[in-house]
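Here are the chains, one letter per residue:
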Amino acid sequence: MDKEGRIRPIKREDVAVMHAWELDDEIAYLSGITRPRSLEAFKASYESYFVKMDNTLRLYSIILNERVIGRIELGLIDRENGTAAFGIVIGDRDCWGQGYGKQAILELLKEAFDDLHLHKVYCEVYAFNERSIRMMQAMDFRQDGVLREHEYFRNEHHDLVVFSMLQSEFKTKLRGGLSRKVCN
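Owing to the predicted nature of the structure, the values given are computational and were not obtained by experimental measurement.

Enquirer: With reference to specific residues and values, describe unusual backbone geometry.
Expert: Even without glycine at this site, Asn-65 takes up a positive phi of about 50°. In this fold, Asn-65 is placed in the loop between strand S2 (57-64) and strand S3 (67-78). Notably, Glu-66 is not glycine yet its phi reads approximately 65°, a positive angle. Within the secondary structure, Glu-66 sits in the loop between S2 and S3.

Structure, rendered in structure tokens:
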């Protein structure tokens, strides 16, 4: 599975690698990071996750050939309503456009729908992040709407495009070849 990449629960030793991505201006911009944190502050934010292991958040590293190339999370897990949000960053620029993000999302959706039995998974993408919008469309996520001028950073308000996939849609698409479509 090394050629496709995989996700695994985040480890403490992954955090330093991920900090470098927060310092990358383009990645920070696409992720909505206004002020990069120090390595110490960054590690501290993750340490609270490792210690508390919040039931509403699951963090994963995206691994290729035993190295961390990205991060994906399932957060705001709401068991009562059966929903969760997700976010993803491919921090290794050499891995951009290679399908690793799509593969990681597919693995995350399988966990969300098959293991956690969620009803819906959604994400919010900055309207200027054309690469992420194209990926959501290619994976057959439904565009639910636009949160106009929803977040303020870098001295202006930005729209967020909301995408979602229902468990029933995922099951239908998976049978219809979503995994083949994603990996090609």
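Enquirer: Give a detailed account of the packing of aromatic side chains, specifying residues and quantitative values.
Expert: In total, this model carries nine aromatic pairs according to the counting rule given. Their ring planes at 55° and their centres at 5.9 Å tell us that Tyr-29 and Phe-153 sit as a pair that is tilted. Taken together, the positions of Tyr-29 in helix H2 (residues 25-31) and Phe-153 in strand S6 (residues 142-153) put the pair 124 residues apart, joining distant regions of the chain. Take Phe-153: its relative accessible area is 3%, and that puts it in the buried class. On the numbers, 6.3 Å between centres and 55° between planes, the contact of Phe-128 with Phe-153 is tilted. Within this pair, whereas Phe-128 is found in the loop between strand S5 (120-126) and helix H5 (130-138), its partner Phe-153 is found in strand S6, the two being separated by 25 residues in sequence. Each member of the aromatic cluster is reached from another via a ring pair, and the members are Tyr-29, Tyr-126, Phe-128 and Phe-153.

Enquirer: Any details on the packing of helix H4 (residues 100-115) against H5? Residues and values, ideally.
Expert: A pair of packed helices can be characterised by two numbers: the angle between their axes and the separation between those axes. Where H4 meets H5, the axes come as close as 11 Å, and the angle between the chain directions of the two elements is 50°. On the basis of their axis angle, the class for H4 and H5 is oblique. Seen along the crossing, H4 lies across H5 with a hand that is right-handed. Residues Gly-101, Lys-102 and Ile-105 of H4 pack against Met-135, Met-136 and Ala-138 of H5. Residues of the contact of H4 with H5, tallied by class, amount to four nonpolar, one polar and one charged.

How each quantity is defined
- Residues numbered from 1 in each chain as written.
- Predicted model: local features only at pLDDT ≥ 70, side-chain atom pairs only at ≥ 80, totals over all residues.
- Heavy atoms only, no water.
- Helix = DSSP H or I, 4+ residues; strand = E, 2+ residues; numbered from the N terminus.
- Phe/Tyr/Trp six-rings, centres within 6.5 Å; stacked < 30°, edge-to-face > 60°.
- Buried < 20%, exposed > 50% of the residue type's maximum accessible area, 1.4 Å probe, protein only.
- Axes fitted to C-alpha atoms, helices over the stretch in contact; angles between N-to-C directions.
- Parallel < 35°, antiparallel > 145°, perpendicular 65-115°, else oblique.
- Left-handed = near helix turned anticlockwise from the far one by under 90°.
- Contact = heavy atoms within 4.5 Å.
- Nonpolar A, V, L, I, M, F, W, Y, C, P; charged D, E, K, R; others polar.

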